[in-house]
Amino acid sequence: MGTSNAQRNHGSGVKTNSTTSGKKDMLSFFEFLTEGFAWLQIAASPTLLGSVIGAVVYFSSPRTITLIGGIAITVLGFVIGAVWATRVRKRQGATWFMSRVNASPDLDGPEPDQRG
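The structure displayed is predicted, hence computed values, not measured ones. (Residues numbered from 1 in each chain as written. Predicted model: local features only at pLDDT ≥ 70, side-chain atom pairs only at ≥ 80, totals over all residues. Heavy atoms only, no water.)

Scanning the protein chain from terminus to terminus reveals 4 helices and 0 strands. Its helices and strands taken in sequence order, the protein chain reads α-α-α-α from the N to the C terminus. In the protein chain, which comprises 116 residues, the proportion classed as buried is 16%. A fraction of 64% describes how many contacts in the protein chain between residues 6 or more apart in sequence connect residues 24 or more apart. When the accessible area of the protein chain is evaluated, it comes to approximately 9,300 Å², of which 65% is carbon and sulfur surface. (Helix = DSSP H or I, 4+ residues; strand = E, 2+ residues; numbered from the N terminus. Buried < 20%, exposed > 50% of the residue type's maximum accessible area, 1.4 Å probe, protein only. Contact = heavy atoms within 4.5 Å. Areas by Shrake-Rupley, 256 points an atom, 1.4 Å probe, with all protein chains shown as cover.)

Rendered as structure tokens:
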């Protein structure tokens, strides 16, 4: 006659809510995107510096050996940037780090105790 909650929930006894699960998956997807974008921003700085130094090395005397040296310096810059970005991501989070770097407290206004 009557069915129990366990029977209605496919015998598991646990109610599942697909909309809550979908929102959590979507949130983790957006977190993944923002962390990835912040990771790229952190890694880009040493990569660009290595590219500039590599270009200076090559264009100072354009030969095959300086081209190889310039490419090696650029790759080294990327490796250093990737290691740095990964360490930052593991320690405190790349998004948090980038928010601190991009913050401009001088534009936020005076501190509450400094108002006269």
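Within helix 4 (residues 94-102) the residues assigned to the buried category are Ala94, Phe97 and Met98. Down the axis of helix 4, the smallest arc covering the buried residues is 95 degrees, so these residues share one side. (Arc of directions from axis to C-beta.)

This paragraph deals with the side chain of threonine 66. Positionally, threonine 66 belongs in helix 3 (residues 64-91). Of the polar contacts made by the side chain of threonine 66, one reaches the backbone oxygen of arginine 63; its length is 3.0 Å. Beyond its immediate sequence surroundings of up to four residues, threonine 66 is in contact with Val57, Tyr58 and Ser61. (Polar contact = N/O pair within 3.5 Å; in protein donor to acceptor, adjacent residues only side chain to side chain.)

Throughout the structure, instances matching the rule amount to 3 aromatic pairs. Ring centres 5.0 Å apart and planes at 65 degrees place the aromatic pair tyrosine 58 and phenylalanine 59 in the edge-to-face group. The partly exposed category is assigned to tyrosine 58, whose relative accessible area is 25%. (Phe/Tyr/Trp six-rings, centres within 6.5 Å; stacked < 30°, edge-to-face > 60°.)

Taken residue by residue, the protein chain gives an average pLDDT of 82. The fraction at 70 or more is 70%. Mean pLDDT across the secondary structure elements of the protein chain bottoms out at helix 1 (residues 5-8), with 48, and peaks at helix 3, with 96. Throughout residues 5-9 the model reports pLDDT below 50, and contacts reaching past four residues in sequence, or to other chains, amount to 7 contacts. (pLDDT = per-residue confidence, 0-100.)

Side chains of Leu67, Ile71, Val75, Phe78, Val79 and Val83 sit close together on the surface and give an oily, nonpolar patch of about 500 Å² of accessible area. As for its position among the elements, valine 79 is in helix 3. In this structure valine 79 comes out as partly exposed when scored by relative accessible area, which is 42%. (Patch = residues over 30% accessible without salt bridge, like charges linked within 9 Å, V, L, I, M, F, W, Y side chains within 5 Å. Salt bridge = Lys/Arg side-chain N within 4 Å of Asp/Glu carboxyl O.)

Looking at the secondary structure, you find glycine 77 in helix 3. Expressed as a C-alpha distance, the spacing of glycine 77 and valine 52, which sit 25 residues apart in the sequence, is 9.9 Å.

Ala38, Ile42, Ala43, Ala85, Val88, Ala94, Phe97 and Met98 form the largest nonpolar core, which has 8 residues in total. Elements with a minimum of two residues in this core: helix 2 (18-60), helix 3 and helix 4. Each residue touching alanine 38, except ones within four places of it in the same chain, is listed here: Ala94, Thr95 and Met98. (Core = buried A, V, L, I, M, F, W, Y, C linked by side-chain atoms within 4.5 Å.)

Turning next to the environment of alanine 94. Summarising the element assignment, alanine 94 is placed in helix 4. Residue classification places alanine 94 among the buried residues on the basis of a relative accessible area of 0%. Alanine 94 sits 54 residues away from leucine 40 along the chain, and the two C-alpha atoms are 9.2 Å apart. Here alanine 94 is in contact with Glu35, Ala38, Trp39, Ile42, Val88 and Arg89, once residues within four sequence places are set aside.

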